[in-house]
Every structure is written in C-alpha cells, then in structure tokens.
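As a plain string of letters, each chain reads:
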Amino acid sequence: DGGITQSPKYLFRKEGQNVTLSCEQNLNHDAMYWYRQDPGQGLRLIYYSQIVNDFQKGDIAEGYSVSREKKESFPLTVTSAQKNPTAFYLCASSIAGAPGTGELFFGEGSRLTVL
Amino acid sequence: QQPVQSPQAVILREGEDAVINCSSSKALYSVHWYRQKHGEAPVFLMILLKGGEQKGHDKISASFNEKKQQSSLYLTASQLSYSGTYFCGTYSGNTPLVFGKGTRLSVIA
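About the thresholds
- Residues numbered from 1 in each chain as written.
- Chains lettered and ligands numbered in written order.
- Predicted model: local features only at pLDDT ≥ 70, side-chain atom pairs only at ≥ 80, totals over all residues.
- Heavy atoms only, no water.
- Contact = heavy atoms within 4.5 Å.
- Buried area = accessible area lost by both parts, 1.4 Å probe.
- Salt bridge = Lys/Arg side-chain N within 4 Å of Asp/Glu carboxyl O.
- Polar contact = N/O pair within 3.5 Å; in protein donor to acceptor, adjacent residues only side chain to side chain.
- Pairing = 2+ DSSP bridges.
- Helix = DSSP H or I, 4+ residues; strand = E, 2+ residues; numbered from the N terminus.
- Axes fitted to C-alpha atoms, helices over the stretch in contact; angles between N-to-C directions.
- Buried < 20%, exposed > 50% of the residue type's maximum accessible area, 1.4 Å probe, protein only.
- 1 Å grid on protein atoms, 1.4 Å probe; cavity = no way out; pocket = protein on both sides within 12 Å on 5 of 7 lines; lining within 4 Å.
- Points joined across faces, edges and corners; volume = space filled by probe spheres on them.
- Nonpolar A, V, L, I, M, F, W, Y, C, P; charged D, E, K, R; others polar.
- Disulfide = S-S within 2.5 Å.
- Phe/Tyr/Trp six-rings, centres within 6.5 Å; stacked < 30°, edge-to-face > 60°.
- Lys NZ or Arg CZ within 6 Å of the ring centre and 35° of its normal.

Taken together, the contacts link 21 residues of chain A with 21 residues of chain B. Of the roughly 1,700 Å² buried where chain A meets chain B, counting both sides, 62% is carbon and sulfur surface. Scanning the region where chain A abuts chain B turns up zero salt bridges. Taken together, chain A and chain B are joined by four residue pairs in polar contact (both at pLDDT 80 or more).

Given below as structure tokens:
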C-alpha cells in the first residue's frame, strides 16, 4: 500500500540533544512538507520541498533543519537551538504542482518530548 | 497569516447539523478541509478551488465565497464518527497551505 511512514512514533530527548525524525513516502510525490502541531495552535509549517535537493523555510523554521537527497525521503532534524521542541510533528506529501491545489497526504506523526 | 476558524468547539447530538467557518484576510486560490481524530493524522475531506462549485460527499459539504475569502463546512445529520478536530487550510499563492487553529467537534449519543 502507498503511503507515508514516519518514525519513530514517540521520542524522548534530553535538552541540548539533536534528534532526527524520519519521513518516507512511496506515493511518488514530488512535494513534501513538515508541520508542527501544538494544542490549540493548528498545524504550522516548518519546511517544505517541491523537488529533490531543494527546500524552503516555512513559518517556524528556526531551530530545525532538513535535507532532500532522495525523492522518497525528507528527514527533519530538531536541533538544540529549538527552544521549545516538545510537540507533535507531521510529515505530508502532495503531487507536484502549485502546492495549494492538491490533497495533502499525512503520515501518522511523531511525538517528541524533551525531558 | 493563519485563517480564523469559528466556532472553536461545538457539541452536537447525533442527527444534528453543524456549520464550521473559515475566514482569511488574504485573497485565496483554494480552501482545503481536513478532519483529525485524536492522536491520528489529518484526513483530507475536500478542496474548493477559486471559481469552482460547492462540493460535498455524503452528508458533508462545503462552500467557498471568493469575494469574502470565506469558506464554510456543513455537516448534516451528524454521526458519532464525525467527532474530531476540523481544520481549514488556505492557499494564497507562492507558499503551501496555511492552517487554521481548528474546530473541535464532539458528537454525543
């Protein structure tokens, strides 16, 4: 079955540590996205990529980094510079084209807790 | 800039109807609607494009007023399975979807 796989589902991290969240898709989608979800805040865009080896910052990119070396993969690193990293992280993908005209397919999410 | 959703929360009895509104200060090309159950991924409901018609499937439909940059989601004869948080996502060009803060819908028996 085609879809988006995020791992790990739950992650605990000590303050000052970097952590990488994995996102893999087999939908052959060109565009991939990372959103952060906090209670009562909706989904806020961290980074997005519309093509391999290219990505753009979203509204809350500070303290995060990404790479897009393969079409299927878009890992997100939460660095120690992110001041409040505890959140639910969602990866999504969509067919190429104008990013607002196609359905977003979401992964199951990764819940990061900083101790 | 995030679109504004209203109401923030609503409680319905099975069979009742509900309307969820989404309003933006920007000119919109499209509006998306998603539903998310607790701890799960958001699921796509429908997309409304500028110049398009009102859409719907089963007892959930939506409209898009391009002049007012507003969209409304209509849930008719609600079922227990409709419970969840509903998000609108708006597209104004150049950047990906911007989501509202969500409307929590609870349907009780």
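Further notes follow.
Let's shift gears to the sheet that holds strand S3 (residues 19-25) of chain A. By definition, the strands of a sheet pair up through backbone hydrogen bonds, in either a parallel or an antiparallel sense. Residue and element names in this part refer to chain A. Spatial ordering of the open sheet is given by S1-S3-S8-S7, a layout of four strands whose pairing is antiparallel. Strands with a single pairing partner mark the edges of an open sheet, and in this sheet they are strand S1 (4-7) and strand S7 (64-66). For this sheet, the mean inter-axis angle between neighbouring strands, taken without regard to orientation, is 20 degrees. Relative to S3, S1 is paired through four bridges, and the arrangement is antiparallel. By the bridge assignment, Ser 7 is partnered in S3 with Ser 22.

Another aspect to go through is the environment of Thr 113 of chain A. Residue and element names in this part refer to chain A. With respect to the helices and strands, Thr 113 occurs in strand S11 (residues 110-114). Given a relative accessible area of 24%, Thr 113 falls into the partly exposed group. For the pair Thr 113 and Ala 87, spaced 26 residues apart in sequence, the C-alpha to C-alpha distance is 6.8 Å. Thr 113 has contacts with Leu 11, Phe 12, Arg 13 and Thr 86, leaving out every residue within four places of it along the chain.

Now for the layout of surface pockets. Quantified by volume, the largest pocket comes out at close to 640 Å³. Along the wall of the largest pocket there are 24 residues; nearest its centre are Gln 37, Pro 39 and Gly 40 of chain A together with Thr 85 and Arg 104 of chain B. A total of three residues in the lining of the largest pocket trace back to one element, the largest contributor, which is strand S9 (residues 84-91) of chain B. Its residues placed into classes, the lining of the largest pocket shows five nonpolar, 14 polar and five charged. A volume near 180 Å³ is recorded for the second largest pocket. Considering the residues around the second largest pocket, the lining is formed by 16 residues, among which Asp 59 of chain A together with Lys 26, Thr 95, Pro 96 and Val 98 of chain B are closest to the centre. Counting residues per element, the ones that place at least two in the lining of the second largest pocket are strand S5 (42-51) of chain A together with S9 of chain B. Grouping the amino acids of the lining of the second largest pocket by side-chain chemistry returns six nonpolar, seven polar and three charged.

Quick look at the state of the cysteines now. Residues and elements named next belong to chain A. Under the criterion given, the structure shown has two disulfides over all chains. Here Cys 23 connects covalently by a disulfide to Cys 91, the sulfurs 1.9 Å from one another. In this structure the cystine formed by Cys 23 and Cys 91 twists about its S-S bond by roughly -75 degrees; its chirality is therefore left-handed. Separated by 68 residues along the polypeptide, Cys 23 in strand S3 and Cys 91 in strand S9 (residues 87-94) bring together distant segments of the chain.

What follows is about the packing of aromatic side chains. Aromatic rings in a pair are described by how distant their centres are and how their planes are angled relative to each other. The final tally for this structure, using the stated rule, is eleven aromatic pairs over all chains. When the ring of Tyr 35 of chain A is compared with that of Phe 99 of chain B, the centres are 5.3 Å apart and the planes differ by 80 degrees; the resulting orientation is edge-to-face. Of this pair, Tyr 35 of chain A sits in strand S4 (residues 31-38) while Phe 99 of chain B sits in strand S10 (residues 98-99), each in a different chain. Neither Tyr 35 of chain A nor Phe 99 of chain B differs from the other in exposure class; each is buried. Seen in terms of ring centroids, Tyr 34 of chain B and Phe 99 of chain B are 5.7 Å apart; in terms of plane orientation they differ by 65 degrees. Their pairing is edge-to-face. Note that Tyr 34 of chain B is positioned in strand S4 (residues 30-36) and Phe 99 of chain B in strand S10, a separation of 65 residues in sequence. Each member of the aromatic cluster is reached from another via a ring pair, and the members are Tyr 33, Tyr 35, Tyr 48 and Phe 106 of chain A together with Tyr 34, Phe 44 and Phe 99 of chain B. Between the NZ or CZ atom of Arg 68 of chain A and the centre of the ring of Phe 74 of chain A, over which it lies, the distance is 5.9 Å.

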